[in-house]
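Chain and residue survey
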Amino acid sequence: MTAPDLNMLVTLDALLTEGSVAAAARRLRLSPSAMSRALARLREATGDPLLVRAGRGLVPTPRALDLRDRVRLLVQEAEAALRPAENLDIGRLARTFTLRTSDGFVESYGAALLTLVAAEAPGVRIRFLPKPDKDSGPLRDGSVDLETGVVSADSGPELRTQALFHDRFIGVVRPGHPLAAGGITAERFAAGRHVLVSRRGDDRGLVDEALERLGLRRDVVATVGGFAAALALVRGTDLIVSVPERHTEGLRAGLHGFALPFPALEVTVSLIWHPRLDADPAHRWLRGCVRKVCASPSGPESRE
């Protein structure tokens, strides 16, 4: 079955509103002959004459009268759908957003984000989900509205990103640990027992590569999938962990942090979303809220 030409709805609306081929042609900026041909196609499609001669004018058939209001409503809805979005009343917005975030984001920024959202849009709800991997599928299928994390080669090429802040890795130990006092050299650092954070279960990471360039190796005795688990181990042992400073601020309370004794490992934490939500006013507002609570003194760098 051939799909109907939906452009014919606009023509039909003009004909039924004007009740005249010539007037409908002027309304749509067509020639009278082109409008006559369009009427012929509409008659064939509907199986009804729609407009019939009565004296010197045209009158609608019962089918045309039945269609007139329905067609007008369809055309109005289509026009509204294709118009730019109107200004959003944030205070009356009622919507649930799903944010997929890396370990530590909720602990460090979640409270500030919820406070800001509640003040501006009390009808908005936030659903935080963990981010166990870099799979872009949830953003593509709409099950996730927004993500935070480090953009990598694994990220979908079509995704939009905007830098939130730059972060550097630091070492973390429990209070009273030998590295909590005295000067920390690369040799002292490497000589300790370490916990490695790897979502994929790798047995080495960026810290190992940095130590290798100095001719050193560390002893990794445990590997975990997230920063929270690693820091929990550090609290009760003499293990050492390397974590991003800002991203884990809320997780490191009561622990001792120190600068790594080799060139700092830096990452950029970004917002990530699918382009279909790029122009959505509510989504743009939410992105602004996240940027605000994560803003560094120098401000975020935008690639939007």
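First, a word on what this report is: a plain description of the structure on this page. Just so we're clear, the structure is a prediction, and the values are computed from it rather than from any experiment.

1. Some thoughts on the nonpolar core
Judged by nonpolar contacts, the single largest core of 25 residues is most densely connected at Phe97, Leu99, Val124, Trp285, Val290 and Cys294. Elements supplying a minimum of two residues to this core: strand E3 (95–101), helix H5 (105–120), strand E4 (124–130), strand E6 (160–173), strand E11 (266–273) and helix H10 (281–294). A total of seven residues in this core trace back to one element, the largest contributor, which is H10. The contacts of Leu99, once residues within four sequence positions are left out, are Leu113, Ile126, Arg127, Phe128, Leu129, Leu146, Leu286 and Val290. With 18 residues, the next largest nonpolar core counts Leu12, Ala14, Leu51 and Val75 among its residues.

2. Brief notes about the pairing of strand E7 (residues 193–197)
Along any regular strand, the residues point their side chains to alternate faces of the sheet. Here five bridges tie E7 to strand E8 (residues 219–224), and the two strands are oriented parallel to one another. For Leu196, the partnering residue across the bridge sits in E8 and is Thr223. For the segment spanning E7, helix H8 (residues 206–213) and E8, crossover handedness is right-handed. When E7 meets strand E9 (residues 240–244), the two strands line up parallel, connected through two bridges. Across the sheet, His194 pairs through a bridge with Ile240, a residue of E9.

3. Focus on H8
Those residues of H8 not exposed but buried are Val207, Asp208, Ala210 and Leu211. When H8 is viewed along its axis, its buried side chains cluster within an angular range of 160° and face the same direction. Across H8 from its buried face, at more than 90 degrees, point the exposed residues Glu212 and Arg213. Residues of H8 that are buried make contact with helix H7 (186–191), E8 and E9.

Calculation criteria
Residues numbered from 1 in each chain as written. Predicted model: local features only at pLDDT ≥ 70, side-chain atom pairs only at ≥ 80, totals over all residues. Heavy atoms only, no water. Core = buried A, V, L, I, M, F, W, Y, C linked by side-chain atoms within 4.5 Å. Buried < 20%, exposed > 50% of the residue type's maximum accessible area, 1.4 Å probe, protein only. Helix = DSSP H or I, 4+ residues; strand = E, 2+ residues; numbered from the N terminus. Contact = heavy atoms within 4.5 Å. Pairing = 2+ DSSP bridges. Right-handed = clockwise from strand over helix to strand, strands pointing away. Arc of directions from axis to C-beta.

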